[in-house]
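Chain and residue survey
Now for the letters of each chain:
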Amino acid sequence: MARNEWILDVLSDLNAFAVANGLTALAEQLDDTRLIAAAEIASLNDEAKAPSNGNTVRFEPDPGGFGKHQHA
């Protein structure tokens, strides 16, 4: 499991408790919170994969028609 993904399990457990105990508004809020947490974790993971120099990587066909090359 990735470094921050444990929180998704905790939120799911809290949601299950809320549902089982008739805490409908809390269960709905926990559903929303879990979605937000998942999006933020995915964003952090994407940032960690980005080049450290801030450049984006693009692959385009070679002007000569052979293979592909990388542009920063």
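Below is a summary of the structure that appears in this document. Quick caveat: nothing in here was measured; it's all calculated off a predicted structure. (Residues numbered from 1 in each chain as written. Predicted model: local features only at pLDDT ≥ 70, side-chain atom pairs only at ≥ 80, totals over all residues. Heavy atoms only, no water.)

What to know about a nonpolar patch on the surface
A contiguous nonpolar surface patch, about 280 Å² in accessible area, is contributed by W6, V10 and L14. Turning to its location among the elements, V10 is positioned in helix α1 (residues 6-20). (Patch = residues over 30% accessible without salt bridge, like charges linked within 9 Å, V, L, I, M, F, W, Y side chains within 5 Å. Areas by Shrake-Rupley, 256 points an atom, 1.4 Å probe, with all protein chains shown as cover. Salt bridge = Lys/Arg side-chain N within 4 Å of Asp/Glu carboxyl O. Helix = DSSP H or I, 4+ residues; strand = E, 2+ residues; numbered from the N terminus.)

Regarding the nonpolar core
One finds L8, L11, A18, A27, L30, A37 and I41 forming the largest nonpolar core, which totals 7 residues. If you list the elements that add at least two residues to this core, you get α1 and α2 (24-49). Top element by residues in this core is α2. It accounts for 4 residues. If we skip the residues at most four places from it in the chain, L11 touches L30, T33, R34 and A37. (Core = buried A, V, L, I, M, F, W, Y, C linked by side-chain atoms within 4.5 Å. Buried < 20%, exposed > 50% of the residue type's maximum accessible area, 1.4 Å probe, protein only. Contact = heavy atoms within 4.5 Å.)

Some words on the packing of α1 against α2
As a packed pair, α1 and α2 sit with axes 9 Å apart at the nearest point and diverge in direction by 170 degrees. Considering the angle they form, α1 stands roughly antiparallel to α2. Of the residues in α2, those touching α1 at I7, L8, L11, S12, L14, N15, A18 and V19 are L26, A27, L30, D31, T33, R34, A37, A38 and I41. In terms of residue class, the contact of α1 with α2 is made up of 12 nonpolar, 3 polar and 2 charged. (Axes fitted to C-alpha atoms, helices over the stretch in contact; angles between N-to-C directions. Parallel < 35°, antiparallel > 145°, perpendicular 65-115°, else oblique. Nonpolar A, V, L, I, M, F, W, Y, C, P; charged D, E, K, R; others polar.)

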